[in-house]
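Structural overview for review
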Amino acid sequence: MASKKIIILGSTGSIGLNALHVVEQMPERFRVLALTTHRQIDHLLQLAQRHRPALAVVTGAEPDGEQRNAFRALGVELRTGTEALAAICAELDYDLLVNAVVGAVGFTPTLTAVERGRSVALANKEAMVIGGALVTAAAAASGAEILPIDSEHSAIWQCLMGEEKTAVEEIILTGSGGPFRTWPAEDLVHVTVEQALKHPNWNMGRKITIDSATMMNKGLEIIEACWLFGLTEEKIRVVIHPQSIIHSMVAFRDGSIKAQLGLPDMRVPIQLAMTWPERCASAFPRLDFSTLDRLTFAPPDEAKFPALALARAAIRTGGSAPAVLNAANEAAVNLFLEERIGFLAIARLIDGALQAHSIDSALSAGALLEADHWARDHVTEAAAHLRR
Ligand code: NDP
Ligand code: MG
């Protein structure tokens, strides 16, 4: 069996490290060509020592002389800067891009890989939110496969295997409801960064953890699902399922519903995306029905979590609106993490940006990135005038 040559963008993050864990479990199946980090250069060096990629990229810091020498001694070419992410996706000869960076920065590398007909194991949902139309059109033209890592989308993908798209009635996207599911709406004004960073079921990067607390994560996932599965947003229902055992479901026109279950362990969907079209054995912990108490479900509280309606409105509007939603969210989440705005201001700032934006329906990658920059500036400006 020939090994798959892979690039992992965001290899020092939660998804990236789990992808490397999968590689370590089945080293004969993968050859790591390139790894990247934003700022954790020494961590990247450790990963490079272990996996011996040809290339390493640092996007958000300047390596010092000692660090450069260490990469050189390993025979690893070191590149710096955000542009290097798309450049390596354009230049290297790889079979699979594992895109595990966080944020809009993941869009251009995804598009580059897909245009070249390379498969993408996609964790970076922001890429699909910004430019799902371009990415899916490029994939259709080149034959590239987009293999979802996001657990809900992996679940839906698995439920759809062997099914006709015309037989789908709706998709049921499950969500834990985040740390504030049971909080009274009026208490959310007091939420601290520390409280918002405590997710009940998943251990993830900071940005997606805040997105889970505002439920914008589920909003972004609605848009991601629209593009990955070719459906409109009305066909995607959100159901709160606090135990995170059912990762999502598909309802079919004959009244049958398929669900995909498992422990909340991202290594399962990561491994499936990486080994696809094979489903390989794993030693990850198993779901034990003898200790499983109960599975519960409830509709989301859309008044308490306005992010859901904002995301639905953005994808219905189309054009540059989802790119604005995403960028405004990234900017607002950063401001919240820096304790410069309150928790409820996140959704308010996104709403403000969507309202102030004049929609561009042109949809070129350049136009989408311009809308992204506009939204970040708009949020920074608007936040300066906000009182907490
Ligand atoms: P992390 O914050 O843990 O990791 C992000 C990775 O990207 C790190 O390697 C980080 O480098 C790098 N990075 C951060 N900012 C930039 C930047 N501006 N430019 C280039 N690289 C950058 O995030 P997660 O692993 O949690 O999430 C990654 C993606 O996967 C997100 O899109 C998220 O929504 C999605 N996802 C995550 C899930 C999870 O369970 N974690 C579940 C489903 C989807 P450094 O280490 O230096 O910060
Ligand atoms: Mg998810």
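The preceding data block contains the structure.
Below you will find a few notes about this structure.

Conventions and cut-offs
Residues numbered from 1 in each chain as written. Chains lettered and ligands numbered in written order. Predicted model: local features only at pLDDT ≥ 70, side-chain atom pairs only at ≥ 80, totals over all residues. Heavy atoms only, no water. Donors = N, O, S within 2.8 Å, 3.2 Å for Na, K, Ca; no water. Helix = DSSP H or I, 4+ residues; strand = E, 2+ residues; numbered from the N terminus. Buried < 20%, exposed > 50% of the residue type's maximum accessible area, 1.4 Å probe, protein only. Near = heavy atom within 4 Å. Polar contact = N/O pair within 3.5 Å; in protein donor to acceptor, adjacent residues only side chain to side chain. Areas by Shrake-Rupley, 256 points an atom, 1.4 Å probe, with all protein chains shown as cover. Nonpolar A, V, L, I, M, F, W, Y, C, P; charged D, E, K, R; others polar. Contact = heavy atoms within 4.5 Å. Pairing = 2+ DSSP bridges. Axes fitted to C-alpha atoms, helices over the stretch in contact; angles between N-to-C directions. Salt bridge = Lys/Arg side-chain N within 4 Å of Asp/Glu carboxyl O. Parallel < 35°, antiparallel > 145°, perpendicular 65-115°, else oblique. Left-handed = near helix turned anticlockwise from the far one by under 90°. Right-handed = clockwise from strand over helix to strand, strands pointing away. Core = buried A, V, L, I, M, F, W, Y, C linked by side-chain atoms within 4.5 Å.

Looking at the metal site, the magnesium ion (ligand 2) is ligated by Asp 150 (OD), Glu 152 (OE) and Glu 221 (OE), spaced 2.1 to 2.2 Å from it. Sequence spacing of the donor residues for the magnesium ion (ligand 2), all on one chain, is D-x1-E-x68-E. Pair noted here: Asp 150 is in the loop between strand 7 (146–148) and helix 7 (151–160) and Glu 221 is in helix 10 (residues 216–229), with a separation of 71 residues, a long-range link. When sorted by exposure, Asp 150 lands in the same class as Glu 221, which is buried.

In this section: the site of ligand 1. Around ligand 1, a shell composed of 24 residues is seen, among which Thr 12, Arg 39, Gln 40, Glu 126 and Gly 205 lie nearest. Residue Gly 13 places a main-chain N or O atom 3.2 Å away from an oxygen atom belonging to ligand 1. The backbone of His 38 places a nitrogen or oxygen atom 3.0 Å from an oxygen atom of ligand 1. Considered on its own, ligand 1 offers 890 Å² of accessible surface; in the complex 86% of this is hidden by protein. Going through the elements one at a time, helix 1 (14–25) and helix 6 (125–142) are the ones with two or more residues in the shell around ligand 1. Taken together, the residues of the shell around ligand 1 sort by class into nine nonpolar, 11 polar and four charged.

This part covers the side chain of Glu 170. By the secondary structure assignment, Glu 170 is in strand 8 (residues 168–175). A relative accessible area of 16% means that Glu 170 is categorised as buried. Residues within four places of Glu 170 in sequence aside, it is in contact with Lys 235, Arg 237, Val 250 and Ala 251.

A few words on the sheet that holds strand 11 (residues 257–261). The sheet built from four strands is open, its strands ordered 9-8-10-11 with mixed pairing. Only two strands of the sheet have a single neighbouring strand rather than two, namely strand 9 (236–240) and strand 11. Looking at each pair of strands side by side, their axes are set apart by 20° on average, direction ignored. Of the strand pairs in this sheet, strand 8 and strand 10 (residues 246–252) are connected by four bridges, and their pairing is antiparallel. Across the sheet, Ile 171 pairs through a bridge with Val 250, a residue of strand 10.

Looking now at the environment of Leu 310. Positionally, Leu 310 belongs in helix 12 (residues 307–317). The exposure class of Leu 310 is buried, given its relative accessible area of 10%.

Another point: the sheet that holds strand 5 (residues 96–99). Here we have seven strands laid out as an open sheet, ordered 4-3-2-1-5-6-7, and parallel in their pairing. If you trace the sheet from one side to the other, it starts and ends with strand 4 (77–80) and strand 7, each paired once. The mean angle between the axes of side-by-side strands here comes to 20°, regardless of whether they run parallel or antiparallel. In terms of strand pairing, strand 2 (residues 30–37) meets strand 3 (residues 55–58) through four bridges, oriented parallel. Looking at the pairing, Thr 37 lines up with Val 58 of strand 3.

For the coordinates displayed, the defined rule picks out 23 salt bridges. A salt bridge links Arg 376 to Glu 330; its shortest N-O distance comes to 3.0 Å. Linking Arg 376 in helix 15 (residues 365–384) with Glu 330 in helix 13 (residues 321–337), this pair joins segments that are 46 residues apart in sequence. Judged by relative accessible area, Arg 376 falls into the partly exposed class, the value being 21%. With a closest N to O distance of 2.7 Å, Asp 372 and Arg 376 form a salt bridge. Taken together, the positions of Asp 372 and Arg 376, both in helix 15 and four residues apart, correspond to about one turn of that helix.

When two helices pack together, their arrangement is given by the angle between the helix axes and by the axis-to-axis distance. Where helix 10 contacts helix 13, the axes come no closer than 12 Å and their chain directions differ by 155°. Accordingly, the angle class assigned to the pair helix 10 and helix 13 is roughly antiparallel. Once helix 10 is placed against helix 13, the crossing between them reads as left-handed. Across from Met 216, Leu 220 and Ile 223 in helix 10, the residues of helix 13 making contact are Pro 322, Leu 325, Asn 326 and Asn 329.

Now for the pairing of strand 5. Of the two faces of strand 5, the one carrying Leu 96 and Val 98 and the one carrying Leu 97 and Asn 99 are both buried. With four bridges joining them, strand 1 (residues 4–9) and strand 5 adopt parallel strand pairing. Bridge assignment links Ile 6 to a residue of strand 5, and that residue is Leu 96. On the question of chirality, the crossover connecting strand 5 to the parallel strand 6 (residues 119–122) by way of helix 5 (residues 107–115) is right-handed.

In the contact formed by helix 9 (residues 206–214) and helix 10, the axes pass within 5 Å of each other and the chain directions differ by 95°. Relative to helix 10, the element helix 9 is oriented roughly perpendicular. Residues Lys 207, Ile 208, Asp 211, Ser 212 and Thr 214 of helix 9 form the contact with helix 10, whose own contacting residues are Met 216, Asn 217 and Leu 220. Across the contact of helix 9 with helix 10, the residue classes tally to three nonpolar, three polar and two charged.

Here the focus is the nonpolar core. Met 274 and Leu 325 are the most contacted members of the largest nonpolar core, which has 130 residues in total. The dominant element in this core, judged by the number of residues it contributes, is helix 13, at 12 residues. Apart from the residues lying within four places of it in its own chain, the contact partners of Leu 325 are Met 216, Leu 220, Ile 223, Leu 310, Ala 311, Ala 314, Ile 350 and Leu 354. By size, the runner-up hydrophobic cluster in this structure holds five residues, among which are Val 239, Ile 246, Met 249 and Ala 251.

Honestly, that's just the spatial picture; any functional story needs more than this.
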